[in-house]
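In case you want the letters, here they are:
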Amino acid sequence: MSDSMISVTNLTKRFGHAIAVDDLTFSVNRGEVLGFLGPNGAGKTTTMKMIAGFLKPDLGSVHVDGIDMAQNPIEAKKRLGYLPEGIPLYGDMPVQSFLTFIARIRGFNGSQLAHRIAEVIADVQIGDVLAQPIHTLSKGYKRRVGIAQALMHDPQALVLDEPTDGLDPNQKDQIATLIEKISQKKAIILSTHILTEVESVCNRVMIINQGKVVADQLPTAMAEVSEFHNSVRLQVNECSPEEIEQHLRGVDEVADVLYNKSNGSFRLISKNGSSLVDRVWEVAQSNGWDVRTLSEEKGRLEDVFRQLTGKQST
Ligand code: ATP
């Protein structure tokens, strides 16, 4: 049996002449939490809508636990929970009534219904707003009610479009902990613009740009692709920057030397991403430099995001 829970094949969507999703193929296995990243307009929401069966692809297919979303949407959707972007909930309904409504749609009744609602309420911590109409909730609570409806039927596959958008740092942590708790037996795709969140929550990262996959790796491996991986920061007392730069440029392993005038520090870029710090220390020693700071820096996902998408991360 394949562990592939969500499988996307040649998925394509155009709006007019513009191509929003361009022949995407990937699958997500049980136990994977895929961080789905990309600049604004990259095609994340469009892809997630198609996976969830809310938007019809022009080409390609989506399978959830082996079931074709186009051929058998009811069975496929039974296995999938979806948190759409924004907050498209029934505003006038109190939270408790909304959850009861969702649980009924998902086939629960009797004591099973009450039990499942209570579990979900505890998981997303919305017990103190049950009587409130949804439109009166804060953005963060609305988001949590949205997550509650996505989780109600305990689906094997979860598609969460910016699940932590609008949450405060404590609430973000709670959602991260919840995702970690439920992730072992599920396949999860989540989009976010917060890259540190990806590093803490996801065990796989995919970056898309203009509807195409430009990277798909473990978060740590992805960060190592950064041109700044294993770069070295160096500050030296009482020495001419020009002289230091000249020496550093002569070191084989150094690809580039960047000088920051405002704090008098150098950043040395490693030629092949391998560790440079010992070599720089040798050079400093042999030249008798009075070293104030010498530190090695790891690559950051944020840098790779910029490298691959040519845009500022948001
Ligand atoms: P963001 O990070 O801003 O949410 P995204 O990666 O989710 O962006 P999408 O919302 O999927 O991007 O949009 C991809 C492209 O498709 C964009 O150029 C967008 O303007 C376009 N698009 C999306 N929905 C429609 C629509 N209903 N009609 C026309 N164009 C659309």
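Computed from a predicted structure; not experimentally measured.

## What about the sheet that holds strand β12 (residues 254–260)?
The strand order across the open sheet built from four strands is β12-β13-β11-β14, with neighbouring strands paired in antiparallel fashion. Two strands in the sheet have a free side with no partner beyond their single neighbour: β12 and β14 (290–297). Looking at each pair of strands side by side, their axes are set apart by 20° on average, direction ignored. Sheet topology note: the strand β11 (residues 231–237)/β14 ladder contains seven bridges and is antiparallel. Looking across to β14, one finds that S231 is bridged to E297. Packed on one face of the sheet, helix α9 (residues 241–249) meets β11, β12 and β13 (265–270) and runs near 165° to β12.

## Thoughts on the site of the ligand
Around the ligand lies a shell formed by F15, A20, P39, N40, G41, A42, G43, K44, T45, T46 and H193. Between the ligand and N40 there is a distance of 2.8 Å, counted from an oxygen atom to a side-chain nitrogen or oxygen. Here an oxygen atom of the ligand and a backbone polar atom of T45 are 2.8 Å apart. Alone, the ligand offers 630 Å² of accessible surface; in the complex the protein occludes 58% of this. With three residues, helix α1 (residues 44–51) is the single largest residue contributor to the shell around the ligand. In terms of residue class, the shell around the ligand is made up of four nonpolar, six polar and one charged.

## Focus: the pattern of salt bridges
Going through the model one piece at a time under the given rule, you end up with 21 salt bridges. The salt bridge partner of K78 is E75, with a shortest N-O separation of 2.9 Å. Taken together, the residues span about one helical turn, with K78 and E75 both in helix α2 (residues 73–78) at a distance of three residues. For E75, a relative accessible area of 25% corresponds to the partly exposed category. One salt bridge connects E245 with R249, and the closest N-O pair in it is separated by 3.1 Å. Within this pair, E245 and its partner R249 are both found in helix α9, separated by four residues, close to a single helical turn. Residues joined by salt bridges that share partners form a network here, namely D65, E75, K78 and R79.

## Examining the nonpolar core
The biggest cluster of nonpolar side chains holds 48 residues, and the ones touching the most others in it are V95, L99 and I126. Per element, the largest residue contribution to this core is six residues, and it comes from helix α5 (residues 139–151). Setting aside residues up to four positions removed in sequence, I126 forms contacts with V95, L99, I121, Y141, R144, V145 and A148. Counting 29 residues, the second largest nonpolar core, distinct from the first, contains L11, V62, Y82 and M206.

## Digging into the domain arrangement of the chain
In terms of domains, the chain is made up of domain 1 (4–223) and domain 2 (231–297). Here the C-alpha centre of domain 2 lies 45 Å away from the C-alpha centre of domain 1.

## A closer look at the packing of helix α3 (residues 95–105) against helix α4 (residues 110–124)
Where α3 contacts α4, the two axes come as close as 10 Å, and the packing angle between them is 120°. If you check the angle between α3 and α4, you find them oblique. Crossing angle aside, the handedness with which α3 passes α4 is right-handed. Every residue of α4 that contacts α3 at Q96, L99, T100, A103 and R104 is listed here: L113, I117 and I121. Across the contact of α3 with α4, the residue classes tally to five nonpolar, two polar and one charged.

## Points about the pairing of strand β3 (residues 33–37)
Among the five residues that make up β3, five are buried, leaving the element largely enclosed by the rest of the structure. With burial as the criterion, each face of β3 is covered, one bearing V33, G35 and L37 and the other bearing L34 and F36. Inspection of the sheet shows β3 paired to strand β9 (residues 204–209) by four bridges, in the parallel sense. Residue pairing across strands places F36 opposite M206, the latter belonging to β9.

## Observations concerning the sheet that holds strand β2 (residues 18–29)
The antiparallel open sheet is built from four strands, whose spatial order is β2-β1-β4-β5. Single-partner strands in this sheet number two, and they are β2 and β5 (67–68). Sheet topology note: the strand β4 (residues 59–64)/β5 ladder contains two bridges and is antiparallel. From the neighbouring strand, V64 faces β5, where its bridge partner is I67. Sheet strands touched by α1: β1 (4–15), β2 and β4. Its angle to β1, the strand with the most contacts, is close to 125°.

Criteria and cut-off values
- Residues numbered from 1 in each chain as written.
- Predicted model: local features only at pLDDT ≥ 70, side-chain atom pairs only at ≥ 80, totals over all residues.
- Heavy atoms only, no water.
- Pairing = 2+ DSSP bridges.
- Helix = DSSP H or I, 4+ residues; strand = E, 2+ residues; numbered from the N terminus.
- Axes fitted to C-alpha atoms, helices over the stretch in contact; angles between N-to-C directions.
- Contact = heavy atoms within 4.5 Å.
- Near = heavy atom within 4 Å.
- Polar contact = N/O pair within 3.5 Å; in protein donor to acceptor, adjacent residues only side chain to side chain.
- Areas by Shrake-Rupley, 256 points an atom, 1.4 Å probe, with all protein chains shown as cover.
- Nonpolar A, V, L, I, M, F, W, Y, C, P; charged D, E, K, R; others polar.
- Salt bridge = Lys/Arg side-chain N within 4 Å of Asp/Glu carboxyl O.
- Buried < 20%, exposed > 50% of the residue type's maximum accessible area, 1.4 Å probe, protein only.
- Core = buried A, V, L, I, M, F, W, Y, C linked by side-chain atoms within 4.5 Å.
- Domains from an automatic or database assignment.
- Parallel < 35°, antiparallel > 145°, perpendicular 65-115°, else oblique.
- Left-handed = near helix turned anticlockwise from the far one by under 90°.

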